[in-house]
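In case you want the letters, here they are:
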Amino acid sequence: MKIGVVSDSLAKLPLGEMLDQVVQLGMSGVEVNTGGWSTAPHFDLDAMLASAQTRREFRQEFQSRGLEIVALNANGNPLHPTDATQADCLHDTIRVAGELGVRTVCTMSGLPAGGPGDRLPNWVVVSWPPEVQETLNYQWNDVLFPFWRDTVSLARQCGVEQIALELCGHQCVYNVPTLMMLRSEVGPTVGANLDPSHLFWMGADPLASIAALKDAIQHVHIKDTLLNQRVQPTMGLLDNGAIADVAGRSWSYVTPGFGHTEGWWRSFVYELRMVGYDGWLSVEHEDFLVANVEGLRTTMDMFRKFLPVAPSDFSLQQI
């Protein structure tokens, strides 16, 4: 396995300084944010799309430092009912990924409106009252499936082999069953970007999710969640309070080790190996109380203790 970093984790640094910092941290690559919910400070999507020279210069920044481009990340809501730029960003990111020779694009499944004519996304998390079934039918059959059939076709044309979806709240695909439902419809080009931090706050078990997903795992984010035991017992996990109010929320994204122990993260890595995953672990820093570089360094210090790097060479002796 190799450890990389999501570029927005070092968003305040210019591209060259960001890459130098990645080298200093001992990481091997970068997952580059291209737009959507990111200002993409390290990536000009329009320029990359238009100019082969710009793409060559971008690749050279990585190659000169011995780094890899792990994936391109177009996280956003590509099914937003009134903002087509989100879908455009994803599709252009796929096109640029193909030109760069990057085989994995990370994104979200998207979340449409609740019905034709609605202007805001609508996340259904319960099965009753009965009208929510009409919403789900519209979202999945009329919007989600057609969009992803077309997007998978584009990916194949561009040479992008994997579209790794975060199992994240406020999306149609947010857990193992919803991912598998989409995957069964559009094929194995779509898989999971497994980020345990989202599963924690939705009450799912990331370790059980690994065992269920198996080879549908295409990418992994390393990010932790603190479940605030002073707030959660009365709030529950459905918390729409200010995201920066760590003390007042029932859950918050934190640096690995501050939400779950090193022992848990050891189990996480081993469970990934048990299902055959040997891809990238991409650290995403979203901790309001820990500085970016410090949080990334803390994560690297912990993972160096147990991350498998060399291939296994153990075999039973013939006796």
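For the structure, see preceding data.
Definitions and limits used
- Residues numbered from 1 in each chain as written.
- Predicted model: local features only at pLDDT ≥ 70, side-chain atom pairs only at ≥ 80, totals over all residues.
- Heavy atoms only, no water.
- Core = buried A, V, L, I, M, F, W, Y, C linked by side-chain atoms within 4.5 Å.
- Buried < 20%, exposed > 50% of the residue type's maximum accessible area, 1.4 Å probe, protein only.
- Contact = heavy atoms within 4.5 Å.
- Pairing = 2+ DSSP bridges.
- Helix = DSSP H or I, 4+ residues; strand = E, 2+ residues; numbered from the N terminus.
- Axes fitted to C-alpha atoms, helices over the stretch in contact; angles between N-to-C directions.
- Phe/Tyr/Trp six-rings, centres within 6.5 Å; stacked < 30°, edge-to-face > 60°.
- Lys NZ or Arg CZ within 6 Å of the ring centre and 35° of its normal.
- Polar contact = N/O pair within 3.5 Å; in protein donor to acceptor, adjacent residues only side chain to side chain.
- Expected span 1.5 Å × (residues − 1).
- Bend = angle between axes of the 7 residues up to and from the residue.
- Arc of directions from axis to C-beta.

To continue, consider the nonpolar core. Counting residues in each nonpolar core, the largest one holds 77 residues, and the members touching the most others are Trp 148, Leu 182, Leu 194, Phe 268, Leu 272, Leu 281 and Phe 303. Those residues within four positions of Leu 194 in sequence are excluded, and the remaining contacts are Leu 167, Leu 199, Ile 210, Leu 213, Ile 217, His 219, Val 220, His 221, Phe 268 and Leu 272. Val 70, Ala 71, Ala 164 and Trp 280 belong to the second-largest nonpolar core, a separate cluster that totals five residues.

All right, on to the sheet that holds strand 1 (residues 2-6) then. Within a sheet, neighbouring strands are paired by backbone hydrogen bonds and run either parallel or antiparallel to one another. A barrel is described by the order of its strands in space; here eight strands give the closed sequence 1-2-3-4-5-6-7-10, paired in parallel fashion. Across the sheet, the axes of successive neighbouring strands diverge by a mean angle of 30°, strand direction being ignored. Relative to strand 5 (residues 162-166), strand 4 (residues 104-107) runs parallel, the two sharing four bridges. When the sheet's bridge partners are listed, Val 105 is paired in strand 5 with Ile 163. Sheet contacts for helix 10 (residues 262-274): strand 6 (190-194), strand 7 (217-222) and strand 10 (280-283); angle to strand 7, the most-contacted strand, approximately 165°.

Attention shifts here to the packing of aromatic side chains. Under the counting rule described, the total for this entry stands at 13 aromatic pairs. Between Phe 43 and Phe 58 the ring centres are 5.2 Å apart and the planes differ by 85°, which places this aromatic pair in the edge-to-face class. Linking Phe 43 in the loop between strand 2 (29-33) and helix 2 (45-50) with Phe 58 in helix 3 (residues 52-63), this pair joins segments that are 15 residues apart in sequence. Side by side, Phe 43 and Phe 58 carry an identical accessibility label, which is buried. Through a chain of ring-to-ring contacts, three or more aromatic side chains come together here, namely Phe 200, Trp 264, Trp 265, Phe 268, Phe 303 and Phe 306. In this structure, Lys 223 is placed above the aromatic ring of Tyr 253, and the distance from its NZ or CZ to the ring centre is 3.9 Å.

So, about the side chain of Thr 34. Locating Thr 34 in the fold gives a position in the loop between strand 2 and helix 2. Of note is the side chain of Thr 34, whose polar atom sits 2.8 Å from the side chain of Thr 93. The contacts of Thr 34, once residues within four sequence positions are left out, are Ala 40, Phe 43, Leu 45, Leu 72, Asn 73, Ala 74, Cys 89 and Thr 93.

Here the focus is helix 5 (residues 131-158). In this model, helix 5 (28 residues) spans 40 Å end to end at C-alpha, consistent with the 40 Å of a helix rising 1.5 Å per residue. At Leu 144, helix 5 shows its strongest bend, of approximately 35°, with the proline Pro 146 following within four residues. Immediately beyond the C-terminal end of helix 5, within one or two residues, lies Gly 159, with a positive phi of roughly 85°.

Before going further, it helps to spend a moment on helix 8 (residues 206-213). Think of an α-helix as turning once every 3.6 residues; residues three or four places apart then point the same way. Those residues of helix 8 lying buried are Pro 206, Leu 207, Ser 209, Ile 210 and Leu 213. Around the axis of helix 8, the buried residues are gathered within 160° of arc, so they sit on the same side. On its buried face, helix 8 sits against helix 6 (176-186), strand 6, helix 7 (196-201), strand 7 and helix 10. A side-chain oxygen of the first residue of helix 8 lies 2.9 Å from the backbone nitrogen of Leu 207; this N-cap is Asp 205.

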